[in-house]
Structure formats: C-alpha cells, structure tokens
Amino acid sequence: MSQQYPYGVGLSNVGSYQVSGIPYVTGTTAPVSSSAPVEIVFPDVTQRIIVSNTGLADLRIGFSANGVKNTNNYYVLHQHDGTTSSDYSKIDLRVKVSSIFLLSNSGT
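Going along each chain's sequence as written, the residues are numbered from 1 onward. Reporting of local features is limited, given that this is a predicted model, to residues whose pLDDT is at least 70; pairs of side-chain atoms are given and counted only at 80 or more, and all residues count toward the totals for whole chains, interfaces and linings. In computing side-chain properties, one takes all heavy atoms of the structure into account and sets aside hydrogens as well as water.

### A word on the pattern of salt bridges
Put simply, the test is: Here, a salt bridge means any Lys or Arg side-chain nitrogen found within 4 Å of an Asp or Glu carboxyl oxygen. By the criteria applied, helices consist of DSSP H or I runs no shorter than four residues and strands consist of E runs no shorter than two, each listed in order from the N terminus. Burial classification: accessible surface area is computed with a 1.4 Å probe over protein chains only, and a residue below 20% of its type maximum counts as buried, one above 50% as exposed, and the rest as partly exposed.
Enumeration over the complete set of coordinates arrives at 1 salt bridge. We note a salt bridge from Arg48 to Asp92, for which the minimum N-O separation is 2.7 Å. A residue pair is termed long-range when its members are at least 10 positions apart, and Arg48 in the loop between β1 (38-41) and β2 (49-53) and Asp92 in strand β5 (residues 89-93) qualify at 44 residues. Accessibility expressed as a relative area gives 42% for Arg48, which makes it partly exposed. Classification of Asp92 by relative accessible area gives partly exposed; the value is 38%.

### Focus: the nonpolar core
Selection criterion: Residue types Ala, Val, Leu, Ile, Met, Phe, Trp, Tyr and Cys, when buried and joined through side-chain atoms within 4.5 Å, form a set referred to as a nonpolar core. Contact between two residues is taken to exist if any of their heavy atoms lie within 4.5 Å; hydrogens are not considered.
If you look at the biggest cluster of nonpolar residues, it comprises 13 residues, and the most contacted ones within it are Ile49, Val51, Ile61 and Ile100. Broken down by secondary-structure element, the contributors of at least two residues to this core are β2, β3 (59-62), β5 and β6 (99-104). Not counting residues within four places of it along the chain, the set of residues in contact with Ile49 comprises Phe42, Ile91, Asp92, Leu93, Val95, Val97 and Ile100.

### Focus on the sheet that holds β3
Rule in force here: A strand pair is defined by DSSP finding two or more bridges across the two strands. Whenever a helix is involved, its axis is fitted only over the stretch in contact; in every case the axis is a line through C-alpha atoms, and angles between N-to-C directions fall within 0 to 180 degrees.
Taken in spatial order, the 4 strands of this open sheet run β1-β6-β3-β4, and their pairing is antiparallel. Strands at the two margins of the open sheet, each flanked by one partner only, are β1 and β4 (75-77). Taking the axes of each pair of neighbouring strands and ignoring which way they run, one obtains an average angle of 25° across the sheet. Relative to β6, β3 is paired through 4 bridges, and the arrangement is antiparallel. Bridge pairing in β6 places Arg60 opposite Leu103.

### Describing the side chain of Ser89
Threshold: Counted as a polar contact is a pair of N or O atoms within 3.5 Å, where, for protein atoms, one must be capable of donating a hydrogen and the other of accepting one, and residues adjacent in sequence contribute only when both atoms are in side chains.
Assignment of secondary structure puts Ser89 in strand β5. By relative accessible area, Ser89 is classed as buried at 17%. One polar contact links the side chain of Ser89 to the main-chain carbonyl oxygen of His78, over a distance of 2.8 Å. Once residues lying within four places of it in the same chain are set aside, the contact partners of Ser89 are Val51, Ser52, Asn53, Leu77, His78 and Gln79.

Structural data, given as structure tokens:
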C-alpha cells in the first residue's frame, strides 16, 4: 500500500459497497386502511426486497409515509385474484433502504 494513496473504507473502496445481503423474512403484514401506512423497518440496509400481495386490494409500496399517502411516489402491486397461491402479485426491488412503507390503495 502506498502512503500517497492510503486504502480505507468509504468512497473508492469497492468492498464497502459490494456486499451480500442478510436474509430477513416477515410474515403477514396487513395495511388495513388507506390513511395509515405500515412501516417495515429492516435490521440492516437491504440489497433486495420482494413483496407479495396476497390480499384482495391493491397495495402501495413506497419509501416514505408521505410518498405512499399523498403523491404518486409509490409502486402499485395489484390485488390477488383469489384463485391459487401461485397467482400472488409480486414485485422484486433491488434497492438499498432501511425501511419501506405499505398502504392499501383502497379503504378495504
């Protein structure tokens, strides 16, 4: 290692950003209203998030409470059609975040 270009953590250090994710699984989380978002907080920063909508209402997924409530800054995961478990709506997000917010797209 050169004294002119010391090696450390942070920017210009690939190892600080090229990491594997730590598995995290949560069971059923039901946002039951269209006015109060549910926040899911992860123990570490994520690498990838997969959300499945097994309910009978569209689901908003966003990165802030105001984003899912007031603006169009969210993803919409359409409702489950109710036939089989293989028909669940899913979204695969490759994002580095510490939490996400879920909100029902309707009052049900």
